[in-house]
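Letter by letter, the chains look like this.
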Amino acid sequence: MDTIKPKYIVLTAVIIISLSMGMVVISWFGSSGTDTRNVLGVPPEMGGDFELTGPGKARVKLTDFRGKLVLVFFGYTYCPDVCPTALLTLNNALKRLPETDRKRVQVIMISVDPERDTAKSLETFVKYFNPDFIGLTGTAEEIAQVAKNYLAYYEKQPGGTKISYQVGHSAFTYLLDGQGKVLRIFRQKATPKEIARVLQKNLASL
Amino acid sequence: MKIRVTMFAIASVLMMQAAVAGKGLMVSDAWVREGPPNAAALGGFMVIKNHSAKTRTLVKASSSGFGKAELHRTVEHDGMSKMMHQKKIDIPAHGSLTFKPGDYHIMLMKPKKTFKAGDHIKITLGFADGSDVTVKYTVQKGMGKGMDHSKHKMNHDMHKMEHMKH
């Protein structure tokens with residue numbers, strides 16, 4: 001026993017915790033392919049406020065949007081397929097709402113690639129889809145903390161170079177109230193119609 | 001007679017839009033999704049039909065408008081989305097394969113300019129047997145034909161086109 005270095009004990013603990021967290025996430029979200037619902041319930045203890053860097057390098061808090069509904073998506077600007085699809089879908093969902101209701105919903109994309117995504121590049125990216133959308137980034141630690149709070153995960157995919165790589169990421173959209181409470185989770189396949197219906201229902205009770 | 005002329009006219013229009021690669025291979029509905037002005041990569045989509053009795057295998061793509069092009073597929077597993085680089089993509093004999101958002105796509109990296117809706121982009125598709133075909137892709141906004149209500153119409157047109165070939 002004496003020969004096992006503390007370093008290895010810590011490493012083993014980290015691996016075990018990571019694996020069990022992964023299992024929890026998968027069991028909440030996955031249901032092994034039999035679950036075809038696009039609007040999911042919310043695991044307990046998910047959510048919370050966050051503070052990240054937004055347009056013009058201003059610090060932005062989730063609670064700045066108190067009184068609104070907030071749709072949060074984790075993505076990155078080098079993403080050519082999933083992220084544009086998600087942002088187009090959210091924009092199409094908003095278009096289904098009356099103008100006055102649209103103003104009560106804030107869409108936020110949080111970067112899972114803080115190494116390459118700057119506040120400026122995120123701003124240009126999300127504004128293409130809708131001038132009211134906001135992109136947030138931060139330090140690697142800040143992003144990791146927010147992702148952890150929302151059970152979102154991401155990883156650099158192998159095969160890239162230092163500046164050219166892809167990031168695999170969970171592609172859920174979270175519907176939050178402005179205080180960090182997660183109301184609903186949308187799968188990537190959720191349609192604008194499905195999202196709009198949930199938005200309308202939650203706007204009515206906001 | 002009148003019907004035949006009409007059918008011929010429809011087929012001619014469709015044939016102009018579709019590129020033929022070697023024997024029995026046809027590419028149609030080729031489009032590239034317009035991206036934000038600073039997009040580092042764009043997605044290219046299309047329908048490839050293989051009318052031959054042999055499986056055809058797509059192995060590469062290239063375009064002079066981009067620094068690099070690769071074949072990719074977005075795969076969702078347990079909520080995690082990943083883009084998987086595809087070394088080869090089989091188009092089954094007498095079958096077809098649709099490249100669409102959230103699925104198979106040509107990943108076009110390092111654009112040499114900002115492409116706008118209405119622009120055309122030439123992409124060369126290379127196959128395992130050494131043959132290749134250059135197809136003109138139209139830059140479009142949004143989700144493409146395959147994911148909206150015109151899907152039905154497209155299938156109908158493709159069906160007609162197939163008829164004309166026999």
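Keep in mind that what you see is a predicted model, and the values were worked out from it rather than measured.

Rules and cut-offs
- Residues numbered from 1 in each chain as written.
- Chains lettered and ligands numbered in written order.
- Predicted model: local features only at pLDDT ≥ 70, side-chain atom pairs only at ≥ 80, totals over all residues.
- Heavy atoms only, no water.
- Helix = DSSP H or I, 4+ residues; strand = E, 2+ residues; numbered from the N terminus.
- Buried < 20%, exposed > 50% of the residue type's maximum accessible area, 1.4 Å probe, protein only.
- Contact = heavy atoms within 4.5 Å.
- Areas by Shrake-Rupley, 256 points an atom, 1.4 Å probe, with all protein chains shown as cover.
- Buried area = accessible area lost by both parts, 1.4 Å probe.
- Salt bridge = Lys/Arg side-chain N within 4 Å of Asp/Glu carboxyl O.
- Polar contact = N/O pair within 3.5 Å; in protein donor to acceptor, adjacent residues only side chain to side chain.
- Pairing = 2+ DSSP bridges.
- Arc of directions from axis to C-beta.
- Phe/Tyr/Trp six-rings, centres within 6.5 Å; stacked < 30°, edge-to-face > 60°.
- pLDDT = per-residue confidence, 0-100.

Draft legend 1. Fine view of the overall build of chain A. The secondary structure content of chain A amounts to six helices and 10 strands. Each of the 206 residues in chain A was classed as buried or not, and the buried ones make up 50%. Within chain A, contacts between residues at least 6 apart in sequence are counted, and of these 71% link residues at least 24 apart. Counting only carbon and sulfur atoms, one obtains 58% of the accessible surface of chain A, whose full area is about 10400 Å².

Draft legend 2. Looking closely at the overall build of chain B. Counting secondary structure elements, chain B contains two helices and 11 strands. The buried share of chain B, taken over its 166 residues, is 46%. Taking the intrachain contacts of chain B between residues at least 6 apart in sequence as the baseline, contacts between residues at least 24 apart amount to 66%. Element-wise, carbon and sulfur atoms account for 57% of the exposed surface of chain B, whose accessible area totals about 8900 Å².

Draft legend 3. Quick look at the interface of chain B and chain A. Counting residues at the interface gives 27 residues for chain B, matched by 29 residues for chain A. Buried area between chain B and chain A, summed over both chains or domains, comes out near 2400 Å², and the portion from carbon and sulfur atoms is 56%. Considering only the side of chain B, the residues that lose the most area to chain A are Glu76, Asp78 and Met80 of chain B, jointly responsible for 24% of the buried surface there. For the pair chain B and chain A, the interface holds four salt bridges. On the surface where chain B and chain A come into contact, there are 12 residue pairs in polar contact (both at pLDDT 80 or more). Listing elements by their share of the side of chain B that touches chain A, those giving two or more residues are strand S3 (41-50), strand S5 (66-77), strand S6 (80-85) and strand S9 (104-111) of chain B.

Draft legend 4. Here's a closer look at the environment of Lys141 of chain B. Structurally, Lys141 of chain B can be placed in the loop between strand S11 (132-140) and helix H2 (151-165). By relative accessible area, Lys141 of chain B is classed as exposed at 55%. Residues in contact with Lys141 of chain B, not counting those within four places in the same chain, are Tyr128 of chain A together with Glu34 and Ala117 of chain B. A distance of 3.3 Å separates a polar atom in the side chain of Lys141 of chain B from a polar atom in the side chain of Glu34 of chain B.

Draft legend 5. Quick peek at the pairing of strand S9 (residues 173-177) of chain A. All names here are of chain A. By the criterion of burial, S9 is predominantly enclosed, with five of the five residues buried. In the sheet, strand S4 (residues 69-75) pairs with S9 via five bridges, with the strands oriented antiparallel. Counterpart to Leu71 in the pairing with S9 is Leu175.

Draft legend 6. Representation of helix H5 (residues 140-149) of chain A. Residue and element names in this part refer to chain A. Buried residues of H5: Ile143, Val146 and Ala147, and no others. Down the axis of H5, the smallest arc covering the buried residues is 100 degrees, so these residues share one side. Exposed residues on H5 whose side chains face more than 90 degrees from its buried face are Glu141 and Lys148. Residues of H5 that are buried sit in contact with strand S2 (51-53), S4, strand S5 (105-111) and strand S7 (154-156). In the stretch just after H5, Leu151 is the one whose phi turns positive, near 50 degrees.

Draft legend 7. Local environment of the packing of aromatic side chains. All names here are of chain B. Taken as a whole and assessed by the stated rule, the structure comprises eight aromatic pairs over all chains. Between Phe66 and Phe115 the ring centres are 5.1 Å apart and the planes differ by 25 degrees, which places this aromatic pair in the stacked class. Residue Phe66 is found in strand S5, and its partner Phe115 is found in the loop between S9 and strand S10 (120-127); the two are separated by 49 residues along the sequence. No difference in accessibility class separates Phe66 from Phe115, as the two residues are buried.

Draft legend 8. Here's a closer look at the confidence of the model for chain B. A residue-level look at chain B finds 73% of positions with pLDDT of 70 or above and a mean pLDDT of 81. Across the interfaces of the predicted complex, the ipTM metric reaches 0.75, alongside a pTM of 0.78.

Draft legend 9. Structural view of the pattern of salt bridges. Residue and element names in this part refer to chain B. As enumerated under the stated definition, the model contains 16 salt bridges over all chains in all. Across the pair Arg56 and Asp129 runs a salt bridge whose closest N-O atoms are separated by 3.3 Å. In this pair, Arg56 sits in strand S4 (residues 56-62) while Asp129 sits in the loop between S10 and S11, placing the two residues 73 residues apart along the sequence.

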